[in-house]
Amino acid sequence: MTSTARKAPRLLVRSAQTAIAAAAVTDVFRAVAVRDHYLHDTDASESGLVSMVFVYVTTLAIVLFLVWLAQARRNAEELSPEASVPSRGRTIGMWFVPLAHFFVPRKVVLDIGRASSASWDAKRDTTLVNAWWAAWITHSLVLVIAGRLAPGSMVLLVVEEVLMLAAAVLAGLVIERITALQDAALDAVVPAESLTQA
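Residues numbered from 1 in each chain as written. Predicted model: local features only at pLDDT ≥ 70, side-chain atom pairs only at ≥ 80, totals over all residues. Heavy atoms only, no water.

Undergrad: Which parts of the structure should I look at to understand a nonpolar patch on the surface?
TA: Taken together, Leu 49, Met 52, Val 53, Val 55 and Tyr 56 make up a surface patch of nonpolar side chains, about 480 Å² in accessible area. Here Val 53 is to be found in helix α2 (residues 44-79). (Patch = residues over 30% accessible without salt bridge, like charges linked within 9 Å, V, L, I, M, F, W, Y side chains within 5 Å. Areas by Shrake-Rupley, 256 points an atom, 1.4 Å probe, with all protein chains shown as cover. Salt bridge = Lys/Arg side-chain N within 4 Å of Asp/Glu carboxyl O. Helix = DSSP H or I, 4+ residues; strand = E, 2+ residues; numbered from the N terminus.)

Now the structure itself:
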């Protein structure tokens, strides 16, 4: 088996994980500032500034996550050519398609994970991806419900932010797990190639 797949640079992996964590923490400050402005009619510039920082950090997190995901997809395709790996366009594009973005990206990540290594544990690894996705989707739903039915609700704010932080931690673990599986598979491929060429 020859492989042109390359390990994801550790800088990319750590940058994506850090940006996701920073976005989650920034979201807590944003939510508190917006709630405070809503309830106490405080200076809008403070909540506006925090919201702007949140948008920038979140945009960076999204870009880094998608760059990592595209690299992981490429590696999975190279490591398991016979596996059902989503196309490049589907891997990135489905995150931006209304309604489909609630279901398809989870399947994309699962397909990439399964194709990354024979060591993919159907129970443990699939549960990790499902837990991340459940936290993310539930956070999104609570955010919408809170905004429409109970703006300023402290209970919903706490639930929303706990879910956001949980989703961020789980996303970091998903990135770490898939990267580790691919690194191990690539380490197994490269020495075998070196021996056959010697």
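Undergrad: Any chance you could explain the environment of Leu 157 here in plain terms?
TA: Within the secondary structure layout, Leu 157 lies in helix α6 (residues 154-197). Among the residues examined, Leu 157 registers a relative accessible area of 10% and is labelled buried. As a C-alpha pair, Leu 157 and Ala 146 span 11 residues in sequence and 7.5 Å in three-dimensional space. Leaving out residues up to four positions away in the same chain, Leu 157 has contacts with Ala 31, Val 32 and Arg 35. (Buried < 20%, exposed > 50% of the residue type's maximum accessible area, 1.4 Å probe, protein only. Contact = heavy atoms within 4.5 Å.)

Undergrad: What is the right way to read the nonpolar core from this model?
TA: Most often, soluble globular proteins have nonpolar side chains that are buried together. Counting 42 residues, the largest nonpolar core has Phe 65, Trp 68, Leu 69, Trp 95, Val 109, Trp 132 and Ile 178 as the members making the most contacts within it. Contributing elements (two or more residues each) for this core: α1 (10-40), α2, α4 (104-116), α5 (124-149) and α6. Ignoring any residue separated from it by four or fewer positions in sequence, one finds Trp 95 in contact with Phe 65, Leu 66, Leu 69, His 101, Pro 105, Val 109, Trp 132 and Trp 133. (Core = buried A, V, L, I, M, F, W, Y, C linked by side-chain atoms within 4.5 Å.)

Undergrad: When you look at α4 in this model, what are you seeing that I'm missing?
TA: An α-helical turn contains 3.6 residues, so a residue and the one three or four places further along point in the same direction. For α4, spanning 13 residues, the distance from its first C-alpha to its last is 18 Å, which sits close to the expected 18 Å at 1.5 Å a residue. Taken across its 13 residues, α4 has 10 buried, putting it largely inside the fold. Those residues of α4 lying buried are Val 104, Pro 105, Val 108, Val 109, Leu 110, Asp 111, Ile 112, Gly 113, Ala 115 and Ser 116. (Expected span 1.5 Å × (residues − 1).)

Undergrad: Is there a simple way to think about the packing of α4 against α5 in this case?
TA: Helix packing geometry: the angle between the two helix axes and the distance between the axes. With their axes 10 Å apart at the nearest point, α4 and α5 run at an angle of 160 degrees to one another. When the axes of α4 and α5 are compared, the pair comes out roughly antiparallel. Considering how the two elements wind past one another, α4 and α5 form a crossing that is right-handed. Residues Pro 105, Arg 106, Val 109, Leu 110 and Arg 114 of α4 pack against Thr 126, Val 129, Asn 130, Trp 132 and Trp 133 of α5. (Axes fitted to C-alpha atoms, helices over the stretch in contact; angles between N-to-C directions. Parallel < 35°, antiparallel > 145°, perpendicular 65-115°, else oblique. Left-handed = near helix turned anticlockwise from the far one by under 90°.)

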